[in-house]
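An overview of the molecular structure
Single-letter residue listing:
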Amino acid sequence: MHAWTVKMSTPSVLAVLMVFLMAPGGVLSDTRGTRGLEAQQLAPSSTLLHRRLKRSWIWKQLFVPEEDPTPRVIGQLKSNYDHGEFSIKYVLSGEGAGDVFEIDEYSGEIRALKKLDREEKAFYTLQAQAINRKTNEPEEPQSEFIIQVQDINDNVPQFQNEPYVSSIPEMCPVGTTVAQVTATDADDPMFGSNAKLIYSILTGEPYFSVEPKTGIIVTSWANMDREAKEEYLVVVQVKDMLGLSGGYSSSTTVTVSLTDVNDNGPIFQHHLYNFAVPENAPVGTTVGRIMAVDGDVGVHAKMTYSLEDDLEKSSIVIINTDPVTQEGVVLLAKPLDYESKSRYIMNAEVVNDHVDTRFLALDEFRDRTTLKIIIEDVDEPPVFLSPSYEWEVPENVAVGTVLGSVGARDTDIVNNLIRYSIDKRSDPTKAFKIDPNNGTIAVAKALDRETADWHNVTVEAKETTQNHLSSSVVVFIKVLDINDNVPRLARDYQPYICEGTQAGEVIQLLSSVDSDDPIEGHHFYFSMVPDKHINPNFTIRDNQDNTAGIVARRSTFTIKDQTQYLLPVVVADSGFPTLSSTSTLTITVCRCQPAGHCPTGGVEALALSMGISIHTLLGILVCLVTLTADAR
Ligand SMILES: *[C@@H]1O[C@H](CO)[C@@H](O)[C@H](O)[C@H]1NC(C)=O
Ligand SMILES: *[C@@H]1O[C@H](CO)[C@@H](O)[C@H](O)[C@H]1NC(C)=O
Ligand SMILES: CC(=O)N[C@H]1CO[C@H](CO)[C@@H](O)[C@@H]1O
């Protein structure tokens, strides 16, 4: 008994009396008696109940079930003035009058003519009137009533917002919300259970369940593993009539995918990896690749390889992680030598970059494997015992003097014999010879430091058999100085003394040269030739700085007296033993210009001393120059 639409009207003599299918006995009518129009719902076993109202008529609807194709009488109007002699004419107007509904103008019976659809139009508002046939005047004022179309369950519930797609993390706890499905039903939600919907799972148990009233899908299984099954198709059914039989239903599919969590650790594909690498492989060579697999994807599968137990610093290899392939790349980190160690065994490990102890123990994100690296023998060239040699030898040492020995050896197991030789280009003068069997180098020619102070000789060592591999080394031979060169005056001095030079004046500064190269540097000593008489004219003053001055001992030099003086000068070096030389300088007396400059450089004095004129002398000199030029 619900959802009655009640319409109140002002006091009227037209009453509509109704009896309802659903509610026999719930009918109200005018009980003032003698006046009025009453409408009556025609129904089997209907009982009319009357209730007295003081001031107004209560109007209720007539009802007609929807979807009924057979025309039928749904009610009857009756006026109190109608006494059965057809003096009253009933007239219907309003929504659907004459078309959907008609009234029998004599009996007042109202009938529905058509099949009605509640979902299209739920009620009709109509007006009724009772007219006196004789006078054609209304017996009563027009009155309004409603015909309500009664719902039947003729609509299928429909899912909204399809398709349904959802993703949840794998291993999520029971009760995790997955999605909510929603269906609607066009039937009357207020009438019966025609639009009362109930959801249930058709496919997807026991992993998923649905709340019957809300359509919320939750997980109902604890350990859903993405690596075992990544996607579920959950079929949900909705039924109206509260799911009771006879209702309508439809279904929808919810696609549920599981997203990854880090619930797998990396696992090496092999327990043992065998690698081989030639002993001459350079540092950085890829020895091999190792690989672990991880059931997870994306960041949860990221891993890093390393050698176990911080071996990294001492090991011959390091392991890098290839960011693209997720492989461990084993790289050579140190030079190898087959002859000293030919196999290495070590442990490597791999660990997930992002561990998540919610799903696995810390240790399960880690795996270990063993690497076995075999070093392969390679025929290698001989190796000199020293990367280079540096020897010193004094110059002028006797031919045949042994300077030393170079040594090389074949590091290979076979240990081939080695022959030594000197690269001729490094010893063009053939100053050295080498013993081909033991590498002993001796002097083959006299060495002169002043000609060549270094002999940088390339010695080759070559294996006598197999691949004749060779290598070479440089022997730096430094020739040491011995004092084998005499010191000499630095140039051909032409000293002169001006007339009027005072005693004690220096007339010439002397210096000296020596081809030797003493370690402590040159030190020259200048002196006169020892004589029983002291030279009264000149003396030599050693300046103690590798120079010396010729000093006049008197003030009275004139061309008239004597034009030239001879002065022997001794230069000695500081070597052991000392070497010295004596040079005799000719000192010319000159009639100098005021500044002390001798314009003729002493030539004038020479000419005077020869008793010829200066012009004649110049002529002779020109001829000499010409002859010298021609002689070339
Ligand atoms: C090298 O061989 C030569 C000739 O057999 C020999 O005289 C010399 O002593 C040897 N030198 C060494 C260092 O063995
Ligand atoms: C030989 O080597 C020495 C030392 O490296 C160097 O000073 C010298 O210039 C070199 N001499 C020649 C001729 O290569
Ligand atoms: C050693 C020497 O040359 N002595 C000479 C110094 O000068 C006088 C005067 O001219 C000469 O007679 C000396 O021979």
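Residues numbered from 1 in each chain as written. Chains lettered and ligands numbered in written order. Predicted model: local features only at pLDDT ≥ 70, side-chain atom pairs only at ≥ 80, totals over all residues. Heavy atoms only, no water.

1. Focus on the overall build of the chain
- Assigned secondary structure in the chain consists of 2 helices and 44 strands.
- The 632 residues of the chain split such that 40% are buried.
- Taking the intrachain contacts of the chain between residues at least 6 apart in sequence as the baseline, contacts between residues at least 24 apart amount to 66%.
- Split by element, the accessible area of the chain, about 33,900 Å² in all, is 54% carbon and sulfur. (Helix = DSSP H or I, 4+ residues; strand = E, 2+ residues; numbered from the N terminus. Buried < 20%, exposed > 50% of the residue type's maximum accessible area, 1.4 Å probe, protein only. Contact = heavy atoms within 4.5 Å. Areas by Shrake-Rupley, 256 points an atom, 1.4 Å probe, with all protein chains shown as cover.)

2. Observations regarding the site of ligand 3
- The full set of residues close to ligand 3 is Asn537, Arg554, Gln562 and Tyr565.
- Between ligand 3 and asparagine 537, the relevant distance is 2.9 Å, taken from an oxygen atom to a side-chain nitrogen or oxygen of the residue.
- Glutamine 562 has a polar side-chain atom sitting 2.9 Å from an oxygen atom of ligand 3.
- Isolated, ligand 3 exposes 360 Å² of accessible area, and the fraction of that covered by the protein chains is 48%. (Near = heavy atom within 4 Å. Polar contact = N/O pair within 3.5 Å; in protein donor to acceptor, adjacent residues only side chain to side chain.)

3. Observations regarding the site of ligand 2
- The immediate surroundings of ligand 2 are formed by Trp454, Asn456 and Phe476.
- With respect to ligand 2, the side chain of asparagine 456 contributes an N or O atom lying 2.4 Å from an oxygen atom.
- Here ligand 2 has 360 Å² of accessible area as a free molecule, and 38% of this is covered by the chains.

4. Some details on the state of the cysteines
- Tallying each qualifying case throughout the model produces 2 disulfides.
- Through a disulfide, cysteine 498 is tied to cysteine 592; the S-S separation comes to 1.9 Å. The disulfide joining cysteine 498 to cysteine 592 has a torsion of about -80° about its S-S bond and is therefore left-handed. Of the two residues, cysteine 498 sits in strand E38 (residues 496-498) while cysteine 592 sits in the loop between strand E44 (580-590) and helix H1 (603-610), which places them 94 residues apart along the sequence.
- Judged by relative accessible area, cysteine 498 falls into the buried class, the value being 11%.
- A sulfur-sulfur separation of 1.9 Å characterises the disulfide bridge that pairs cysteine 590 with cysteine 598. Sign of the S-S torsion, about 100° for the bond between cysteine 590 and cysteine 598, identifies this disulfide as right-handed. (Disulfide = S-S within 2.5 Å.)

5. Some details on the confidence of the model for the chain
- Of all residues in the chain, 84% attain a pLDDT of 70 or more, and the chain-wide mean is 83.
- Long-range and interchain partners of residues 42-59, a stretch whose pLDDT sits below 50, account for 60 contacts in this model, where long-range means more than four residues apart.
- Contacts for the low-pLDDT stretch residues 604-609, under 50 throughout, to residues beyond four places or in other chains number 11 contacts. (pLDDT = per-residue confidence, 0-100.)

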